[in-house]
Amino acid sequence: MLDIRMEKTTQPKAKPADESKLGFGSIFTDHMFVMDYEEGKGWHDARIVPYGPVVLDPAAIVFHYAQECFEGLKAYRRADGGVQLFRPEKNGQRLQATHDRLCIPEIPVEDFVQAVAALVKVEEDWVPHLPDTSLYLRPFTIATEAVLGVKASRTYQFYIIASPSGAYYAEGINPVKIYVEDQYVRASPGGTGAIKCGGNYAASLLAGEKAHELGYSQVLWLDGVERKYVEEVGSMNIFFKINGELYTAATVGTVLPGITRMSCIELLKDWGYTVHEGKLAIDDVMKAAKDGTLEEVFGTGTAAVISPVGELVYEDQKATVNEFQIGPVTQKLYDTLTGIQWGTMEDPYGWIYRVD
Ligand code: COI
């Protein structure tokens, strides 16, 4: 249990006047959570302080060797005015796995959830009210020791910042166009593909820019060994509905274990669908598109929620999915997941964590 010190801002900012124009991740609230780590002392000095710049030594390890990582989750406004989180302990568990892989000391899951809930409570008035908006929370850890040797830092800081946000994609719930990347790779076995470290995202930027120039919103990554099997989109996991059954890559080391992905699999199985978690060759996806059995494609992620895919391009082949319309399973997943998240539907799974 953390003992969280509170330092309130003396200069609160004006809240966004028009919640329909929030965009994603560019407006920040009045406060942030901070906690320090020092070898021998452990994690300590948990505090909520005014949001502001971070001062670091230019030699801090994070700047040179990218020993850092992050999480993403949301606080949702319920119709009755209350505020709730979605499976925050899953983010805490995934952050631990990421810390382990990056030689960063773990933060207990209960402390993580307590810190998130405490910041949300302080920033409750920043949780937007309009449908499809939320307070996006970005926990992150940085290595702060000032030394140029390549080694694990002996000091760290853990932060949580909060951003009232709308849809991640400009397209909102409308289908996106995806470029299947066959030149660059995102992850390979034994690497860091399964964790949320910034380096994974830095390495994806070039392919993303290439896709944008060609008119595609995102890149679909293939496996790094054979460049044959579909893996993930980088900002989301991806599912394919072929001939009535669902397929998504297994999270066995190169694919991020998404919490929305996990929740969708649980929902789909509950609804009686067969869900295959394993290898699906891009050639089989394109073949299914040609013979009419590729019924739906959608991405899942905290920021992206459920994002229908309307078009895939791979080498010289183009596949239009479901006539560029959102499919029935995609729509049902979106409605159920957001219904539970926004508290307009029952939560039979115990996924909701109320903050009020
Ligand atoms: C999230 O969905 O929360 C993520 O962290 C993805 C991010 C690249 C926006």
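Note: the structure precedes this text.
Residues numbered from 1 in each chain as written. Predicted model: local features only at pLDDT ≥ 70, side-chain atom pairs only at ≥ 80, totals over all residues. Heavy atoms only, no water.

> Got a minute to help me understand a nonpolar patch on the surface in this structure?
Together, Tyr65, Leu148 and Val150 give the surface a local cluster of nonpolar side chains, amounting to about 320 Å² of exposed area. With respect to the helices, strands and loops of the structure, Tyr65 is situated in helix α1 (residues 61-65). (Patch = residues over 30% accessible without salt bridge, like charges linked within 9 Å, V, L, I, M, F, W, Y side chains within 5 Å. Areas by Shrake-Rupley, 256 points an atom, 1.4 Å probe, with all protein chains shown as cover. Salt bridge = Lys/Arg side-chain N within 4 Å of Asp/Glu carboxyl O. Helix = DSSP H or I, 4+ residues; strand = E, 2+ residues; numbered from the N terminus.)

> Got a minute to help me understand unusual backbone geometry in this structure?
For Asn322, which is not a glycine, the phi torsion comes out positive at approximately 45 degrees. Residue position: Asn322 is located in the loop between β16 (317-320) and α8 (328-341). For Glu323, which is not glycine, the phi torsion reads 50 degrees and is therefore positive. Summarising the element assignment, Glu323 is placed in the loop between β16 and α8.

> Got a minute to help me understand the pattern of salt bridges in this structure?
Opposite charge on two side chains lets them pair, provided their charged atoms get close. This structure, assessed with the given rule, holds 18 salt bridges. Asp80 serves as the salt-bridge partner of Arg354, at 3.9 Å between the closest nitrogen and oxygen. Of the two residues, Arg354 is situated in strand β17 (residues 352-354) and Asp80 in the loop between β5 (73-77) and β6 (83-86); the sequence distance between them amounts to 274 residues. A relative accessible area of 57% means that Asp80 is categorised as exposed. Glu311 is paired through a salt bridge with Lys318; the nearest N and O atoms lie 3.8 Å apart. Connected via shared salt-bridge partners are Arg5, Asp36, Asp45 and Arg47. (Buried < 20%, exposed > 50% of the residue type's maximum accessible area, 1.4 Å probe, protein only.)

> Before we go on, may I ask you to explain the side chain of Glu71 in this structure?
Within the fold, Glu71 resides in the loop between β4 (68-70) and β5. The contacts of Glu71, once residues within four sequence positions are left out, are Asn91, Arg94, Leu95, Tyr136, Leu137, Arg138, Pro139 and Lys196. (Contact = heavy atoms within 4.5 Å.)

> How should the packing of helix α6 (residues 259-270) against α8 be read in this particular structure?
Contact geometry for α6 and α8: axes closest at 11 Å, N-to-C directions at 110 degrees. In terms of orientation, α6 and α8 fall into the roughly perpendicular class. Of the residues in α8, those touching α6 at Thr260, Ser263, Cys264, Leu267 and Leu268 are Val329, Leu333, Thr336 and Leu337. Counted by class, the contact of α6 with α8 contains six nonpolar, three polar and no charged residues. (Axes fitted to C-alpha atoms, helices over the stretch in contact; angles between N-to-C directions. Parallel < 35°, antiparallel > 145°, perpendicular 65-115°, else oblique. Nonpolar A, V, L, I, M, F, W, Y, C, P; charged D, E, K, R; others polar.)

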